[in-house]
Amino acid sequence: MIEVKNLTKKFGPHTAVDNISFVVNDGEIVGFLGPNGAGKTTTMNMMTGFISSTEGTVRINGFDILEDPIKAKKQLGYLPDVPPVYGDMTVKEYLEFVCDLKKVKKSERDFMIKDITATTQLGDVFNRLIKNLSKGYRQRVGVAQALVGDPDVLILDEPTSGLDPKQIIEMRDLIKRLGKKHTVILSSHILGEVGEICDRIIIINKGKIVASQSTEELINTAGNSAQLVTIKGDPYLAVEKLREWSCIDSVTIDSSNNDGTYNIKVFGSEGSDIREIIFAAMAEERISILMLRPLTSSLEEVFLKVINGTFENTSEEDNGEVLSIAFAQGSAEEAENKEADE
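Residues numbered from 1 in each chain as written. Predicted model: local features only at pLDDT ≥ 70, side-chain atom pairs only at ≥ 80, totals over all residues. Heavy atoms only, no water.

Here the focus is the packing of helix α9 (residues 235-242) against helix α10 (residues 275-284). The contact between α9 and α10 brings their axes to 10 Å, and the two run at 125°. Comparing their axes, α10 and α9 come out oblique. Viewed along their axes, α9 and α10 form a crossing whose handedness is right-handed. For the pair α9 and α10, the contacting residues are Ala238, Lys241 and Leu242 in the first and Ile278, Ala281, Met282 and Glu284 in the second. The residue inventory of the contact of α9 with α10, partitioned by class, reads five nonpolar, no polar and two charged. (Axes fitted to C-alpha atoms, helices over the stretch in contact; angles between N-to-C directions. Helix = DSSP H or I, 4+ residues; strand = E, 2+ residues; numbered from the N terminus. Parallel < 35°, antiparallel > 145°, perpendicular 65-115°, else oblique. Left-handed = near helix turned anticlockwise from the far one by under 90°. Contact = heavy atoms within 4.5 Å. Nonpolar A, V, L, I, M, F, W, Y, C, P; charged D, E, K, R; others polar.)

Mapped onto the fold, Thr160 is located in the loop between β7 (153-157) and α6 (165-178). With a relative accessible area of 5%, Thr160 lands in the buried category. Beyond its immediate chain neighbours, meaning those up to four positions away, Thr160 contacts Gln139, Ile168, Met171, Ser188 and Ile190. (Buried < 20%, exposed > 50% of the residue type's maximum accessible area, 1.4 Å probe, protein only.)

Below, the discussion takes up the sheet that holds strand β11 (residues 226-232). If you walk across this open sheet you meet the four strands as β12-β13-β11-β14, and the pairing is antiparallel. Where the open sheet ends on each side, the last strands, each with one partner, are β12 (248-256) and β14 (288-294). When strand polarity is set aside, the average angle formed by the axes of neighbouring strands in this sheet is 25°. Bridge count for β11 against strand β13 (residues 262-268) is six bridges, and the pairing is antiparallel. Residue pairing in the sheet places Val229 in a bridge with Ile264 of β13. Most of the contacts of α9 go to β12, to which it runs at about 170°, and overall it touches β11, β12 and β13. Its contacts with the sheet place α10 against β11, β12, β13 and β14, and it is angled at close to 165° to β14. (Pairing = 2+ DSSP bridges.)

In this section: the packing of helix α3 (residues 91-101) against helix α4 (residues 106-119). It is at 11 Å that the axes of α3 and α4 come closest, and there the two elements cross at 125°. In terms of orientation, α3 lies oblique with respect to α4. Relative to α4, α3 is oriented so that their crossing is right-handed. Residues Leu95, Glu96, Cys99 and Asp100 of α3 form the contact with α4, whose participating residues are Arg109, Ile113 and Thr117.

The buried fraction of strand β9 (residues 200-205) amounts to six of the six residues, a majority that puts the element mostly inside the structure. What you see with β9 is no split at all: Arg200, Ile202 and Ile204 on one side and Ile201, Ile203 and Asn205 on the other are buried throughout. In this structure, β9 lies alongside strand β10 (residues 208-214), joined through six bridges in antiparallel fashion. By the bridge assignment, Ile204 is partnered in β10 with Ile209. From the end of β9 to the start of β10, which pair antiparallel, there are two residues, and Lys206 there has a positive phi angle of about 55°.

So yeah, pure geometry; function would need other evidence.
The structure is reproduced here in structure tokens:
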């Protein structure tokens, strides 16, 4: 388990990470998102002990990353945004070298390397120089070194960066497999991949956490105020009935279908959940609902709403308290210019 409490990092007068707290439980795959300059990499560097915090604590399985760094770092494997590989070594030589660094017992090394090689599917390039490998294979070697020592926690910073679509799918499948055995924190700009992989998403902006919910809840909360409804019945009566509700901003007939059904777009006031209202209104007029789905259904749209301050979120924090978050307006470009190390 990872516990981050009141974590702050200042570079001179600029606060890159501003008093953030969260918990990642055993077995979770958590997406850590934010625009460039939001504080993602700074936070991950503090979590791994690569840089020290100005204030606050990070505990990995109960061990403080600054006060007890050796025990804490034994609990985690880290893949930076640029894999720390040596091009003039073969994959085999490099993994043996990492075993030396992590002080893996010699009696366990052969089995561990064999197991990691199978997990990351590096068998075909095991004896090749790393500098001659494709970007996708070098990323896999980076994941492999993070797995040396069998850590409970994996922190992966942009693991799909620079990969082609086929390699991205392969990396996504690999991370899913790793999530069955490890706790994973994943940072990525490919939001579709995060939505596919992660159980929960934490979004950071301007050094503050602005959303923390399960992936499904985050998308559904943003989408419940705009719905596409397929009905069987009088579309004009449906529109008239829905407009009677004060929380419905607008209703439009979108299209008619060959089977005599109609698609209607229903927009509610910001933050409202209009699904129950739609069902109640249609039931009253005996109009059948054949399909109901959110119009805002992609993680990309949710992410932009959060960053631009147009998505109001109320999430339950790990300590059990309910935190209502108000989002400040501002551009990602301004934040990017301020943070020195991203």
